[in-house]
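What the coordinates show
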Amino acid sequence: MKELVCILSIVFAIDFQGNDDYEVARKRMVSTQIKMRGIHDTATLAAMLSVPRHKFVPADLTHLAYRDRPVRIGYGQTISQPYMVAFMTEILQLEKDFKVLEIGTGSGYQAAILAEIVDSVYTLEIITALGTAAKKRLEDMDYDNISVKNTDGYFGWKEKGPFDAIIVTAAAEHVPPPLLAQLKDGGRMIIPVGSPFMIQQLLLVEKEDNRTKTKNLMFVRFVPLTRSD
Ligand code: SAH
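Residues numbered from 1 in each chain as written. Predicted model: local features only at pLDDT ≥ 70, side-chain atom pairs only at ≥ 80, totals over all residues. Heavy atoms only, no water.

1. A look at the sheet that holds strand β3 (residues 99-103)
The strands making up a sheet associate through hydrogen bonds between their backbones, and the pairing can be parallel or antiparallel. Just so we agree on the cut-off: In this scheme, strands are said to pair when DSSP sees at least two bridges between them. In this description a helix means any DSSP run of H or I spanning at least four residues, a strand means any run of E spanning at least two, and both kinds are numbered starting from the N terminus. Axis lines are fitted through C-alpha atoms, for helices just across the contact stretch, and the angle between N-to-C directions can take any value from 0 to 180 degrees. Should any heavy atoms of two residues lie within 4.5 Å, those residues are counted as being in contact.
In space, the 7 strands of this open sheet follow the order β5-β4-β3-β6-β7-β8-β9, with mixed pairing throughout. Edge positions in the open sheet fall to β5 (146-150) and β9 (211-220), since each of these has one partner strand only. Adjacent strand axes in the sheet meet at a mean angle of 15° when their direction is disregarded. Against the sheet, helix α5 (residues 128-140) contacts β4 (120-125) and β5, and its axis sits at roughly 160° relative to β5.

2. Concerning α5
Put simply, the rule reads: Any helix carries an expected span of 1.5 Å times its number of residues minus one.
Given a rise of 1.5 Å per residue, 13 residues ought to cover 18 Å, and the 18 Å separating the end C-alpha atoms of α5 matches this to within 8%. Looking at the packing, one finds that the buried side of α5 touches β1 (71-74), β2 (77-79), α4 (109-117), β4 and β5. Asp142 lies just past α5 and shows a positive phi near 65°.

3. Comments concerning the environment of Asn216
Definition in use: The rule is simple: take the accessible area with a 1.4 Å probe, protein chains only, and divide by the maximum for that residue type; under 20% is buried, over 50% is exposed, in between is partly exposed.
Structurally, Asn216 can be placed in strand β9. With a relative accessible area of 37%, Asn216 lands in the partly exposed category. When the C-alpha atoms of Asn216 and Ala133 are compared, they prove to be 33 Å apart, with 83 residues separating the residues in sequence.

4. Some details on the environment of Ala111
Looking at the element boundaries, Ala111 is found in helix α4. Given the relative accessible area of 0%, Ala111 is considered buried. Between the alpha carbons of Ala111 and Gly156 there is a distance of 15 Å; along the sequence they are 45 residues apart. When sequence neighbours within four positions are dropped, the list of residues in contact with Ala111 reads Glu102, Val121, Thr123 and Ile146.

5. Regarding the pairing of β4
Rule in force here: Orienting the strands away from the viewer, one traces the path from the first strand over the helix to the second; a clockwise path indicates a right-handed crossover.
Taking burial as the measure, the 6 residues of β4 include 6 buried ones, the bulk of the element. Assessed by its sense of winding, the connection that carries the chain from β3 through α4 to β4 is right-handed. By the bridge criterion, 5 bridges tie β4 to β5 in an arrangement that is parallel. Across the sheet, the residue bridging to Thr123 is Val148, located in β5. In the classification by handedness, the crossover that spans β4, the intervening α5 and the parallel β5 is right-handed.

6. Digging into the site of the ligand
Put simply, the rule is: Whether a residue is near a molecule or strand is decided by its heavy atoms; if any one of them lies within 4 Å of it, the residue is near. Two N or O atoms form a polar contact when they lie within 3.5 Å of each other; inside protein one atom must be a possible hydrogen donor and the other a possible acceptor, and for residues adjacent in sequence the pair counts only when both atoms belong to side chains. For the area figures, the Shrake-Rupley method with a 1.4 Å probe applies, and any residue is considered shielded solely by the protein chains shown.
For the ligand, the set of nearby residues contains 26 residues, the closest of which are Ser107, Glu125, Asp152, Gly153 and Thr226. Between Ser107 and the ligand, the recorded distance is 2.6 Å, taken from a side-chain N or O atom to an oxygen atom. In the model, a nitrogen atom of the ligand is placed 2.8 Å from a nitrogen or oxygen of the Asp152 side chain. Notes on the ligand: free accessible area 580 Å², of which the protein chains cover 99%.

7. Thoughts on the side chain of Thr169
Here Thr169 lies in the loop between β6 (163-168) and α6 (177-181). Looking at Thr169, the relative accessible area reads 14%, which means it is buried. Side-chain polar atoms of Thr169 contact the backbone oxygen of Gly104, separated by 2.9 Å. Sequence-distant contacts of Thr169, defined by excluding residues within four places in its chain, comprise Glu102, Ile103, Gly104, Gln110 and Phe222.

8. Looking at the pairing of strand β8 (residues 200-208)
Counting buried positions along β8 gives 7 out of 9 residues, so the element sits mostly inside the fold. As paired strands, strand β7 (residues 183-193) and β8 are joined by 6 bridges and run antiparallel to one another. Following the sheet pairing, Ile191 is matched in β8 by Leu203. Taking the residues between adjacent antiparallel strands as the criterion, β7 and β8 are bridged by 6 residues, where Gly194 takes a positive phi near 155°. Where β8 meets β9, 9 bridges bridge the pair, whose relative direction is antiparallel. Directly across from Gln201, in β9, lies its bridge partner Phe219. Between β8 and β9, which pair antiparallel and follow one another directly, the connecting turn spans 2 residues, one of which, Asp209, has a positive phi of 50°.

Shown next as structure tokens:
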């Protein structure tokens, strides 16, 4: 019995030690990679501090979870660099009662960040295995305000729209007209646009009085938005 207690306390000690390490790494990530580069939105910073990013990367890559880089998540896809996630989140100027659409669920990390801030998140993924795994991961983490669907996100999710904000996390060759149609008047969309595997432009598209205004924010490199045949 004594031995069992001893073994159990060692196991728990190791586990707690691990979680503490992740929390320290996460705090450091937020201060050095995000705040110091000019992200100030309180809700974005709080979300980046609270979502356990290491739970969204493959088990053998958890040591890379809080690094200043994208991480492979399988099927040739990546979870974006933390700064990029924070930048794209902040620029949407989210409010609590917002309904947000994400194209490119991937690991579900960006969806979780959004779900910390807004009431409802809808996210679409074209690779069934990734979408299914992300849905389960998010359910296990008790995110009950995220809906995941496996489909080609080019067409958006008309029945759930219109959306206050849309975030596309894969590079499109143009702004998909169905997404623009599902954006509310006064809404904002952030989307990388350009040729696959080349440098792309991160665009902020604002819809006002049913006209759109597009701003090029920076050059980026995202995995391509693929299309179902
Ligand atoms: N936001 C994700 C990472 C995105 S990587 C995260 O936080 O982990 C880009 C994702 O877009 C990949 O998972 C890729 O499969 C998906 N994707 C590419 N084309 C798509 C399309 N047409 N519709 C929906 N998802 C798409």
